[in-house]
Structure formats: C-alpha cells, structure tokens
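# Structural description and commentary
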Amino acid sequence: MTNAQKWMAAFLGLFLILLILGRVTKKDDGTEAMSMQMMQQSQQAAQETDGLSLMRQTGCVTCHGSNLQGTKMAPALAGLKEYWSRDKLINYLRNPSSFGSDERFVEYKSKFKNVVMPSYNNVDVKNLGKIADYLLTK
Ligand code: HEC
C-alpha cells in the first residue's frame, strides 16, 4: 500500500464509524415517547415522596404508621379517594372534628377511643394540598 492508499483507508474507516454512531444515537419517535413516559413516571414518583415526606415531617406517621398502614392509634390511610374529594380532604385535615358522622368514623371513634386526629390548620395549605394529592393516589 502506498501512503496515499493508507490515508484513503483511514478516512473511509472514520467515515464509517461516524455513520454508525449517527445511526445509533439518533432518536426515533419510539424512544422519545418512551423517555417522555419515563419522565412522567419519575415526576409522579417525586410527587409521591413529596407527599409522604411531608407527612413524615408533620408527624402523621407517628399515628398512621411509617407507611400509612395504620397502627393501634389510627386507621390505615388507603383507598381514600373513594370517600374524599381533594378540597374536602384538605378541609378535614384543617378541622377533623367537624367531620365524622359517617359510619366509618363512628367505628374509628370506638376503635381509637383515646386518640384524636389533630387539626392541622397551622400547616401551610399548599402543603396540605400536596399531602391530599398524595393520599388520593393511594
Ligand atoms: C395523634 C394521632 C394522629 C396524628 C398525628 C394524625 N392522625 Fe390522622 N387520624 C387519627 C385518628 C385517631 C383518626 C380516626 C378518625 C377519628 O378518630 O377522628 C384519623 C383519621 C385520619 C383520616 C381519615 C381517614 C379516613 O378513613 O377517611 C385522614 C385522612 C388522616 N387521619 C390523615 C392524617 C394526616 C394527613 C396527618 C398528618 C398531617 C394525620 N392524620 C395525623 C390520628 C392521627
């Protein structure tokens, strides 16, 4: 091989590598849709940890359990969207004693006789909103 031929070969090789790299890194619509989905999922996860960590900070977990599974002192917090709208739930957290004529609450009253769900009207409503959003996903 002459020097010129070697250079030609080197260039061809480089060209091929760049071509392949271009193919590999190019996103088609499928992968873009997938990364969108992944972003949404991680956003949702962030919201959930946000709500739960707020509940940890506020002390809800002391009574309701570290994973809100319920304890001897308070009921599990799950499936709440069946009973609460977002607004109503926020109102409840701010003033629980004005709710509670439901059968469910009558049962709670006898089951958790010595414990009262505290009112959280001193907590920023925005944070109560985040907590409510989180609870309504469970
Ligand atoms: C001192 C213990 C205690 C703490 C702290 C506490 N709760 Fe409760 N919670 C209760 C009890 C007891 C009930 C049952 C209702 C009743 O007896 O009035 C209840 C009920 C609830 C309900 C209604 C459940 C249903 O089935 O609809 C929600 C929602 C709730 N708590 C959310 C929270 C959140 C959010 C926090 C923190 C911001 C919190 N609780 C902190 C004791 C507690």
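So, here's what we can say about the structure. Fair warning: this is a prediction, and the values are worked out from it, not measured in the lab.

Let's shift gears to the overall build of the chain. In terms of helices and strands, the chain carries six helices and zero strands. In terms of overall size, the chain is more extended than a compact globule, its C-alpha atoms giving a radius of gyration of 28 Å where 138 residues would be expected to give roughly 14 Å. Oriented by its inertia axes, the alpha-carbon framework of the chain measures out at about 95 × 25 × 25 Å. Burial analysis of the chain (138 residues in total) assigns 23% to the buried set. Partitioning the intrachain contacts of the chain with sequence separation of at least 6 by distance along the chain shows that 65% fall at a separation of at least 24.

With that out of the way, let us pick up the site of the ligand. In the vicinity of the ligand lie 26 residues, with Cys60, Cys63, His64, Arg104 and Met117 positioned nearest. In the environment of the ligand, a nitrogen atom lies 2.8 Å from a nitrogen or oxygen atom belonging to the side chain of His64. Here an oxygen atom of the ligand sits 2.5 Å away from a polar atom, N or O, in the side chain of Arg104. Here the element with the most residues in the shell around the ligand is helix 5 (residues 103–111); it accounts for four residues. Tallied by class, the residues present in the shell around the ligand amount to 21 nonpolar, three polar and two charged.

Coordination of the iron atom of the ligand by the protein comes from His64 (NE2) and Met117 (SD), over a distance range of 2.0 to 2.1 Å. Relative to the metal, the six donor atoms surrounding the iron atom of the ligand lie at angles of 88 to 179°, and the coordination shape comes out octahedral. With His64 in helix 3 (residues 60–64) and Met117 in the loop between helix 5 and helix 6 (125–135), this residue pair connects regions lying 53 residues apart in the sequence. Using a relative accessible area of 25% as the deciding quantity, one classes Met117 as partly exposed.

This next bit is on the nonpolar core. Counting 22 residues, the largest nonpolar core has Met55, Leu68, Trp84, Leu89 and Leu135 as its most contacted members. With five residues, helix 6 is the largest single contributor of residues to this core. With residues up to four places along the chain from it excluded, the contact list for Trp84 reads Leu89, Tyr92, Phe99, Arg104, Phe105 and Leu136.

All told, the structure shown has three salt bridges when counted by the stated rule. Of the charged contacts, one joins Asp102 and Arg104 as a salt bridge, the two residues approaching to 3.6 Å between their closest N and O atoms.

Residues Trp7, Phe11, Leu14, Ile17, Leu18 and Leu21 make up a contiguous nonpolar surface patch of about 700 Å² in total accessible area. Looking at the secondary structure, you find Trp7 in helix 1 (residues 3–25).

Definitions and cut-offs
- Residues numbered from 1 in each chain as written.
- Predicted model: local features only at pLDDT ≥ 70, side-chain atom pairs only at ≥ 80, totals over all residues.
- Heavy atoms only, no water.
- Helix = DSSP H or I, 4+ residues; strand = E, 2+ residues; numbered from the N terminus.
- Rg over C-alpha atoms; globule rule 2.2 N^0.38 Å.
- Buried < 20%, exposed > 50% of the residue type's maximum accessible area, 1.4 Å probe, protein only.
- Contact = heavy atoms within 4.5 Å.
- Near = heavy atom within 4 Å.
- Polar contact = N/O pair within 3.5 Å; in protein donor to acceptor, adjacent residues only side chain to side chain.
- Nonpolar A, V, L, I, M, F, W, Y, C, P; charged D, E, K, R; others polar.
- Donors = N, O, S within 2.8 Å, 3.2 Å for Na, K, Ca; no water.
- Tetrahedral: all angles 85-135°; square planar, octahedral: opposite > 155°, others 65-115°.
- Core = buried A, V, L, I, M, F, W, Y, C linked by side-chain atoms within 4.5 Å.
- Salt bridge = Lys/Arg side-chain N within 4 Å of Asp/Glu carboxyl O.
- Patch = residues over 30% accessible without salt bridge, like charges linked within 9 Å, V, L, I, M, F, W, Y side chains within 5 Å.
- Areas by Shrake-Rupley, 256 points an atom, 1.4 Å probe, with all protein chains shown as cover.

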